[in-house]
Amino acid sequence: MSGKTTREQIVAAADELFYHRGFEQTSFASIAEIVQLSRGNFYHHFKAKDDLLDAVIATRLTETRAMLAQWESQTPDPVGRIRRFIDILLVNRADIQDYGCPVGTLTSELAKLDHTALDAASGLFTLFREWLAEQFTQLGHRDDADELAMHVLAASQGVATLANAFHDERFLRREVQRLHDWLDTHLDGSRK
């Protein structure tokens, strides 16, 4: 974590623990231990766990926007960018098999807790939804762009959930290929 401010180190440690253990199961003490801070120094940066959760969500949003911007700059066509979104399941397969999708697991836990940060955390899904819809719009699917975006987003979440439940990499790889095949078939059919 070198090169990061103490606050950034706390947020990064909290993000990892929220993902691996869950928000409710993560204590300030466990985060402070990872960052090697005294409790007093920790409380200097974050007074409440909800403040830390807000910082984690804000960081995830910033990092996701940066990732999407990078995909935009590195991948010239919308089909390629949608494929990059689909392939994130493969890129993160080990973590997904062990912990599920970081966005899905957090939003699911916050929903069960009826937590006030649920809307903010769901903003990550909204960001992906809008970005995917824009890719489909660029492909000429203005009228059904949101529907197509939701299909890809829902399919990827389902794959992540089941890959985590069954710890099955073959399933994950097969379903990613099916998403690519669906994209090919859908785009071929829409061009005719």
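Before any of the text, the structure's been laid out above.
Here we summarise the structure given alongside this text.

1. Quick notes on the overall build of the chain
A count of helices and strands for the chain gives 10 helices and 0 strands. For the chain, the N- to C-terminal ordering of α and β elements is α-α-α-α-α-α-α-α-α-α. Structurally, the chain occupies a C-alpha span of about 65 × 35 × 35 Å along its principal axes. For the chain, buried positions account for 43% of its 192 residues. Between the mean site of the 21 positive side-chain charges and the mean site of the 29 negative ones, the chain shows a separation of 3 Å.

2. Observations concerning the nonpolar core
By size, the foremost hydrophobic cluster in this structure holds 57 residues, and its most contacted members are Ile 31 and Leu 52. Those elements giving two or more residues to this core turn out to be α1 (6-20), α2 (28-35), α4 (49-74), α5 (78-91), α7 (102-113), α8 (118-138), α9 (145-166) and α10 (169-191). Not counting the four nearest positions on each side in its chain, Leu 52 is found in contact with Ile 10, Val 11, Ala 14, Phe 18, Phe 28, Ile 31, Phe 42 and Phe 46.

3. Some remarks on the pattern of salt bridges
Counted by the stated rule, this structure contains 8 salt bridges. The structure contains a network of salt bridges with shared partners spanning Arg 93, Glu 169 and Arg 173.

4. Topic: unusual backbone geometry
Positive phi outside glycine occurs at Asp 114, with the angle close to 50°. Considering the arrangement of structural elements, one finds Asp 114 in the loop between α7 and α8. A relative accessible area of 70% places Asp 114 in the exposed class. One non-glycine residue, His 167, adopts positive backbone phi at about 50°. Here His 167 is to be found in the loop between α9 and α10.

5. Brief notes about α9
Between its terminal C-alpha atoms α9 stretches 32 Å, which fits the 32 Å expected from 22 residues at 1.5 Å a residue. The first or second residue beyond α9 is His 167, which carries a positive phi of 50°.

6. Comments concerning the packing of α1 against α2
Two elements in contact, α1 and α2, have axes whose closest approach is 9 Å; the angle formed by their N-to-C orientations is 125°. On the basis of the axis angle, α1 is oblique to α2. Once α1 is placed against α2, the crossing between them reads as right-handed. Contacts between α1 and α2 pair Gln 9, Ile 10, Ala 13, Ala 14, Leu 17 and Phe 18 from the former with Ser 30, Ile 31, Ile 34 and Val 35 from the latter. A per-class count over the contact of α1 with α2 returns 8 nonpolar, 2 polar and no charged.

7. Topic: the packing of α4 against α7
Helix-helix packing is characterised by the crossing angle of the two axes and by the distance between the axes. Relative orientation of the contacting elements α4 and α7 amounts to 150°, with a least axis distance of 13 Å. What the angle tells us is that α4 and α7 run roughly antiparallel. In the packing of α4 onto α7, the handedness of the crossing is left-handed. Contact residues: Leu 53, Ile 57 and Arg 60 in α4; Pro 102, Val 103, Leu 106 and Leu 110 in α7. The class makeup of the residues in the contact of α4 with α7 is 6 nonpolar, no polar and 1 charged.

What counts and how
Residues numbered from 1 in each chain as written. Predicted model: local features only at pLDDT ≥ 70, side-chain atom pairs only at ≥ 80, totals over all residues. Heavy atoms only, no water. Helix = DSSP H or I, 4+ residues; strand = E, 2+ residues; numbered from the N terminus. Buried < 20%, exposed > 50% of the residue type's maximum accessible area, 1.4 Å probe, protein only. Lys, Arg positive; Asp, Glu negative; His and termini not counted. Charge placed at Lys NZ, Arg CZ, Asp CG, Glu CD. Core = buried A, V, L, I, M, F, W, Y, C linked by side-chain atoms within 4.5 Å. Contact = heavy atoms within 4.5 Å. Salt bridge = Lys/Arg side-chain N within 4 Å of Asp/Glu carboxyl O. Expected span 1.5 Å × (residues − 1). Axes fitted to C-alpha atoms, helices over the stretch in contact; angles between N-to-C directions. Parallel < 35°, antiparallel > 145°, perpendicular 65-115°, else oblique. Left-handed = near helix turned anticlockwise from the far one by under 90°. Nonpolar A, V, L, I, M, F, W, Y, C, P; charged D, E, K, R; others polar.

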